[in-house]
Amino acid sequence: MELVKSQIAELKEGVEALFYQIVKEVEAVSKGERPLDAPFIVMMSMVFLFFGVVILTFASLFTGPAASLEDKAVIDAKKKK
């Protein structure tokens with residue numbers, strides 16, 4: 001359990017550092033200190049893609065497989081009995 005806590009703490013530190021860098025870059029663009037160029041756009045696209053994949057992964061882990069309509073009908077029929 002301690003190993004898991006340690007890994008979660010390391011992940012949290014990494015995510016916080018990434019968020020700090022993103023905020024710093026976006027502020028620089030909004031203040032005109034950094035141009036809105038291709039590397040910035042690519043970086044932001046990769047960040048959003050990464051977090052989208054992470055969110056979808058966690059959502060699929062916690063929701064489980066989707067039941068088909070036939071399965072739902074069988075479950076509903078069993079509940080009525």
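Predicted model only: the values in this text are computed from it and were never measured.

Conventions we followed
- Residues numbered from 1 in each chain as written.
- Predicted model: local features only at pLDDT ≥ 70, side-chain atom pairs only at ≥ 80, totals over all residues.
- Heavy atoms only, no water.
- Helix = DSSP H or I, 4+ residues; strand = E, 2+ residues; numbered from the N terminus.
- Polar contact = N/O pair within 3.5 Å; in protein donor to acceptor, adjacent residues only side chain to side chain.
- Contact = heavy atoms within 4.5 Å.
- pLDDT = per-residue confidence, 0-100.
- Phe/Tyr/Trp six-rings, centres within 6.5 Å; stacked < 30°, edge-to-face > 60°.
- Buried < 20%, exposed > 50% of the residue type's maximum accessible area, 1.4 Å probe, protein only.

Colleague: Please explain the side chain of E25 as it appears in this structure.
Modeller: Looking at the element boundaries, E25 is found in helix 1 (residues 2–30). A polar contact of 2.5 Å, which involves the side chain of E25, links it to the side chain of R34. Sequence-distant contacts of E25, that is, excluding residues within four places in its chain, are made with R34, F40 and M43.

Colleague: I'm lost on the confidence of the model for the protein in this one. Help?
Modeller: Low-confidence regions, as indicated by low pLDDT, have predicted coordinates that should not be scrutinised in detail. Averaged over the protein, the pLDDT score is 81; the fraction of residues at 70 or greater is 91%. Within the protein, no element has a lower average pLDDT than helix 3 (residues 69–80), which sits at 76, and none a higher one than helix 1, at 85.

Colleague: Just checking my understanding: could you explain the packing of aromatic side chains for this structure?
Modeller: Between two aromatic rings, the relevant description is the distance of the centres plus the angle of the planes. Per the counting criterion, the structure on display carries 2 aromatic pairs. A centroid spacing of 5.4 Å and a plane angle of 10° characterise the contact between F19 and F51, whose relative ring orientation is stacked. In this pair, F19 is assigned in helix 1 and F51 in helix 2 (residues 38–63), connecting sequence segments 32 residues apart. Overall, F19 belongs to the partly exposed group, its relative accessible area being 42%. For F51, a relative accessible area of 19% gives the class buried. Their ring planes at 75° and their centres at 5.1 Å tell us that F50 and F51 sit as a pair that is edge-to-face. Aromatic ring contacts, followed pair by pair, group F19, F50 and F51 into a single cluster.

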